[in-house]
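Each chain, letter by letter, is given below.
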Amino acid sequence: MLSKEENERLTQTNAGTPAGEYFRRFWVPALLPAEVPTPDCSPVRVRLLGENLIAFRDTNGHVGLIDEFCPHRRASLFWGRNEECGLRCVYHGWKFDVKGTCVDMPNEPQEYGFENKVRIAGYPTCEYGGLVWAYMGPPQHQPELPKLEWARVPESHRYISKRLQETNYLQAIEGGIDSSHSNYLHATVDAFRLTDSYVEKVKNSNNLRAKYHLLDKAPWFTVKKTDYGLVIGVRRNAEEDQYYWRLTQFLLPSHTIIPYEKGLAIHGHCWVPRDDQTCWTWTISWNPDAPLSEEEWESIRKETFVHARVDPVTFRPIRNKDNQYLLDREQQRGSTMTGIHGFAAQDQALQESMGPIVDRTRERLGTSDTAIIAMRRLLLQEIRELQEAREPFAAQHGDVYWVRSASLLLKRDVDIGEGARDLIKAEV
Ligand code: FES
Ligand SMILES: [Fe+2]
């Protein structure tokens, strides 16, 4: 439970708010390079941290991210013409470069030199790891790029999708680090009921996660603070002398990594506030050792797991709250807990059902919410420190992001910190 003030403090991200200023100390994913594929291509709208922006790729290939509204009489630059290293407002012809500087003002006498004095917000961008990132904070605090493993693997080893979620970013992170929901929200009815045939199948499979979930219904949660954020451990009884551990990370300000199972792709998310009522869900699947397999591409195409199909302009999922996520009650009766297809839509349906900003003064948290409590505490602490002029350490130290999630069996007497040390160091 949070107080009303704490809830507002964490969920409001416009410029000038405590959390808004905190997010503005980090590079954040802004758009897919494919949205601005070639020099002088069409500009696109980007809403980020409550600001309406326009992204365009200039003649030299640089991506600009500037205020949407022309400073002359506030027309939208979305209608602008992208030409010779700048975006020209088609109302009266003022033109802006990628930094937001006005470089031409044809409807004013040249001798006034008026154009040299006019500029609009233009944020630094950077193409890195298959994304265009933006930095929207003070220039003197420009951070390092996070050395996330997925950003450093070859293109063929990675897939990134973007979708609109109609909730505040915090609700989405909470869903991402909520280790106990997958046995319910994402389960089949057979898995939930533990039918004989399901138990038989799982016992004989090498799906350790499913197997040890059968043996231990009440896992033990532990959270450790790190330089990048938190490492969250969930421990289950396994064989007589062993525990089954799943380790996942929360990386400041809003990245998460789902536990890695050797040989398979790893999946992670980043949630970026679009405004206080909506956020961008960035989902990344990557294989550190090899190109994504045909099976992984198939799961992406069929939307069975963490990716979902979206409208190509708005990035709103095809399954959304207006069509009840294409809920199939028949399927819910006989096969899956939700009757909604795909983990992404299942998460989104339940998180959006809580309202755009959940009232955290009315919740009743349990032990399975340990990581959520720790994440909120950490963010509140980081935000407070920034207000006291202490800059976030992680923003200035890209190296600390070089970590990997894990799932592993360990002897019961082995310290998890020791046992997993090498595993959770990413190697690229
Ligand atoms: S409104 Fe843009 S040039 Fe006049
Ligand atoms: Fe989920």
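Residues numbered from 1 in each chain as written. Chains lettered and ligands numbered in written order. Predicted model: local features only at pLDDT ≥ 70, side-chain atom pairs only at ≥ 80, totals over all residues. Heavy atoms only, no water.

1. So, the domain arrangement of the protein
What the domain assignment lists for the protein is domain 1 (27-141) and domain 2 (149-419). Spacing between the C-alpha centres of domain 1 and domain 2 amounts to 35 Å. The partner domain 2 presents 17 residues to the 16 residues of domain 1 that form the contact. Taking both partners together, domain 1 and domain 2 bury about 1,500 Å²; carbon and sulfur atoms supply 64% of that area. When the buried area of domain 1 at its contact with domain 2 is split by residue, Pro29, Arg47 and His141 rank highest and sum to 32% of it. Linking domain 1 to domain 2 there are two salt bridges. The residue lysine 162 makes a salt bridge to glutamate 35 at a minimum N-O spacing of 3.0 Å. Mapped onto the side of domain 1 that touches domain 2, the elements with two or more residues apiece are strand E1 (27-31), strand E2 (44-48) and strand E11 (131-135). When residues of the side of domain 1 that touches domain 2 are assigned to their parent elements, the largest contribution, four residues, is made by E1. Across the side of domain 1 that touches domain 2, the residue classes break down as 10 nonpolar, four polar and two charged. (Domains from an automatic or database assignment. Contact = heavy atoms within 4.5 Å. Buried area = accessible area lost by both parts, 1.4 Å probe. Salt bridge = Lys/Arg side-chain N within 4 Å of Asp/Glu carboxyl O. Helix = DSSP H or I, 4+ residues; strand = E, 2+ residues; numbered from the N terminus. Nonpolar A, V, L, I, M, F, W, Y, C, P; charged D, E, K, R; others polar.)

2. A short note on helix H7 (residues 208-215)
Within the sequence span of H7, burial applies to Ala210, Tyr212, His213 and Leu214. With a side-chain oxygen lying 3.3 Å from the backbone nitrogen of arginine 209, the N-terminal cap of H7 falls on asparagine 207. (Buried < 20%, exposed > 50% of the residue type's maximum accessible area, 1.4 Å probe, protein only. Polar contact = N/O pair within 3.5 Å; in protein donor to acceptor, adjacent residues only side chain to side chain.)

3. Examining the sheet that holds E11
Sheet strands line up and pair through hydrogen bonds in the backbone, either parallel or antiparallel. Strands sit in the order E1-E11-E10 across an open sheet of three strands; the sheet is antiparallel. A strand with exactly one partner marks an edge of an open sheet, and here the two such strands are E1 and strand E10 (125-128). If you compare each strand with its neighbour and ignore which way they point, the axes differ by 40° on average. Taken together, the four bridges between E10 and E11 define a ladder with antiparallel strand orientation. Residue pairing across strands places threonine 125 opposite alanine 134, the latter belonging to E11. (Pairing = 2+ DSSP bridges. Axes fitted to C-alpha atoms, helices over the stretch in contact; angles between N-to-C directions.)

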